[in-house]
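Coordinate inspection notes
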Amino acid sequence: MLFRTVKELVELAESRNKKISDIMIEQEMLMSGKSREEIVSRMEKNLEVMEQAVERGLKGVASRSGLTGGDAVLLQAYIEKGDFLSGEILLDAVSKAVATNEVNAAMGVICATPTAGSAGVVPGTLFAVKNKLHPSREQMVAFLFTAGAIGYVIANNAFISGATGGCQAEVGSAAGMAAAAIVEMAGGTPSQCAEATAITLKNMLGLVCDPVAGLVEVPCVKRNAMGAANAIVAADMALAGVKSRIPCDEVIEAMFRVGQAMPQTLKETAQGGLAATPTGRRLEAKIFGTAKNE
Amino acid sequence: MKYRSVFDIIGPVMIGPSSSHTAGAARIGRAARSIFGREPKWAHIYFYGSFAETYRGHGTDVAIVGGLLDFDTFDERIKRSLEIAAERGLEIHFHKEACVPDHPNTARLHIGDEEGELELVGVSIGGGKIEIDEINGFKIRLTGEHPSIIVINNDRFGAIANVAHVLAKNEINIGYMQVSRKEKGKTALMTIETDQNVDETILDEIRKLPNILHVAKINE
């Protein structure tokens with residue numbers, strides 16, 4: 001095991017003058033016994049799946065329940081018009097994150113990053129930021145390895161699923177992963193990658209998993225939207241030289257403790273938060289024929 | 001460390017909507033089929049915890065059956081797996097259990113045909129990763145941190161030595177091994193954690209040994 005914490009990952013990368021993505025590839029080679037080419041090629045297949053999902057979502061999809069679908073199309077049309085207030089890259093990332101999650105909700109094929117419920121954040125940010133940074137195909141694949149390295153640390157030291165740690169652990173982790181990957185692609189240092197992850201995660205602490213009707217749709221699609229936005233802003237802050245007062249590993253630990261303290265009603269049981277609102281319950285009853293968790 | 005590969009994090013490629021309740025469920029179904037060694041004729045599927053609460057909306061039912069039909073997590077046929085199962089003569093019964101399991105995403109599968117049956121308890125731990133907790137009533141004590149295989153055999157002398165010999169011959173080092181049986185002379189179970197990944201050719205070699213009933217890889 002080359003690294004277990006973000007601190008170890010950053011130290012390893014900086015001492016060897018390598019990128020976080022390089023260290024993750026080395027770790028994978030060590031663990032699996034496979035060659036660099038095989039590993040990179042496998043990640044490229046994941047990249048292709050992400051591209052196809054975004055493309056499908058941007059054309060327009062709808063879930064069986066009817067709860068989600070069509071927002072990516074609306075957002076893209078709005079961007080085309082040009083009157084938007086937030087940045088173009090930011091809004092593009094949001095629309096592509098939404099597109100991916102709408103495909104997920106419609107039971108389409110996606111790549112879990114790290115989960116299906118949070119599958120929009122990493123590809124959403126990647127395919128938006130690429131229009132500004134113009135990466136090579138190799139750099140796009142490296143983006144996924146950087147994101148993977150951060151997710152690997154979070155998964156092994158905290159959690160990555162809403163059922164165990166709330167949405168802070170799912171979309172929060174995905175956003176933290178994306179933030180680091182954006183910084184690396186933009187030419188930032190491994191330390192700056194860690195700062196971006198810390199800043200993102202800090203801002204998603206306490207986020208609950210409260211899916212309406214227990215489905216991975218509302219508010220999941222819009223959470224991916226905001227997760228993508230958080231990641232891009234945090235990346236910019238880190239690239240500007242802003243540092244998190246609390247080191248990344250301690251933020252991850254804090255996320256872990258907060259997740260443990262969260263009641264079951266707010267961890268993917270559809271018993272609290274938005275799931276328990278009058279409209280949430282009404283939608284649940286309509287979709288399933290009975291109100292489930294009364 | 002439970003998540004050992006970067007592809008546990010970026011991946012799996014899957015049909016939505018849930019990595020734990022759809023992809024994880026498909027993998028549990030597929031693990032059961034792989035250990036059973038063939039497609040069963042009947043299956044009783046018991047859902048516990050959050051699996052029990054969300055299985056309809058998350059497609060956990062179609063996913064687990066898809067796994068029993070040997071579909072991978074991204075196979076579009078998963079959506080129609082209940083129809084396909086009916087076409088193939090696989091009889092499915094779902095049961096929603098009230099008791100609280102150790103982990104929120106637990107499923108117990110009891111599958112079989114005229115020749116035999118298998119019972120397996122699987123847990124979907126998050127991000128699509130699964131663990132097998134129990135096989136035929138034997139508790140699987142694995143860390144989940146190393147590649148692992150299980151062997152179900154007739155309880156006869158030499159079975160363990162033969163398996164260990166095949167691994168040694170292929171330069172696979174055993175890190176942890178547990179052997180258990182219910183009754184002398186009946187069936188026994190070996191759970192073996194290895195340092196290196198055991199590929200399919202080695203598993204086939206083990207399958208050909210005398211007294212071996214089932215061999216499956218349950219972690220990479």
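Residues numbered from 1 in each chain as written. Chains lettered and ligands numbered in written order. Predicted model: local features only at pLDDT ≥ 70, side-chain atom pairs only at ≥ 80, totals over all residues.

Let's shift gears to the overall build of chain A. Along its length, chain A carries 13 helices and 1 strand. Listed by position from the N terminus, the elements making up chain A come as α-α-α-α-α-β-α-α-α-α-α-α-α-α. A principal-axis box enclosing the C-alpha atoms of chain A has dimensions of 60 × 45 × 40 Å. By residue count, 59% of the 294 residues in chain A fall in the buried class. Residue pairs at least 24 apart in sequence account for 77% of intrachain contacts in chain A once pairs closer than 6 positions are excluded. (Helix = DSSP H or I, 4+ residues; strand = E, 2+ residues; numbered from the N terminus. Buried ≥ 20, exposed ≤ 12 C-beta atoms within 10 Å, placed from the backbone. Contact = placed C-beta atoms within 7 Å.)

For the rest of this paragraph, the subject is the domain arrangement of chain B. Residues and elements named next belong to chain B. Looking at the assigned domains, one finds that chain B contains domain 1 (11–135) and domain 2 (143–220). The straight-line distance from the C-alpha centre of domain 1 to that of domain 2 is 24 Å. Between domain 1 and domain 2, the contact holds 7 residues from the first and 6 residues from the second. At the level of elements, helix 2 (19–36) and strand 6 (129–135) are the ones that each hand at least two residues to the side of domain 1 that touches domain 2. The residue makeup of the side of domain 1 that touches domain 2, split by class, is 4 nonpolar, 2 polar and 1 charged. (Domains from an automatic or database assignment. Nonpolar A, V, L, I, M, F, W, Y, C, P; charged D, E, K, R; others polar.)

What follows covers unusual backbone geometry. Glycine aside, residues mostly have negative phi angles, and peptide bonds mostly take the trans form. Here the bond from Gly11(B) into Pro12(B) is cis, since omega is 5°, no more than 30 degrees from zero. Along the chain, the position of Pro12(B) falls in the loop between helix 1 (6–9) and strand 1 (13–15). Residue Pro17(B) is bonded to the preceding Gly16(B) through a cis peptide linkage, with omega at 10°. Examined against the element boundaries, Pro17(B) turns out to sit in the loop between strand 1 and helix 2. Positive phi outside glycine occurs at Met107(A), with the angle close to 60°. Its place among the elements puts Met107(A) in the loop between helix 5 (88–105) and strand 1 (109–111). In this structure, Ala270(A) takes a positive phi of about 60° despite not being glycine.

Next up on the list: the environment of Phe47(B). All names here are of chain B. Structurally, Phe47 is set in strand 2 (residues 42–48). With 24 C-beta atoms packed within 10 Å, Phe47 lands in the buried category. Along the chain, Phe47 and Ile206 lie 159 residues apart, while their C-alpha atoms are 33 Å from each other.

Quick look at the environment of Ile9(B) now. Topologically, Ile9(B) is positioned in helix 1. Judged by the 32 C-beta atoms lying within 10 Å of it, Ile9(B) is buried. Sequence-wise, Ile9(B) and His21(B) are 12 residues apart; in three dimensions their C-alpha atoms are separated by 16 Å. Beyond its immediate stretch of four places on either side in the chain, Ile9(B) contacts Pro114(A), Gly148(A), Gly151(A), Tyr152(A), Ala155(A), Tyr3(B) and Gly127(B).

If you look at the biggest cluster of nonpolar residues, it comprises 169 residues, and the most contacted ones within it are Ala178(A) and Ala180(A). For this core, the two domains that each supply at least three residues are domain 1 (11–135) and domain 2 (143–220) of chain B. (Core = buried A, V, L, I, M, F, W, Y, C linked by C-beta atoms within 7 Å.)

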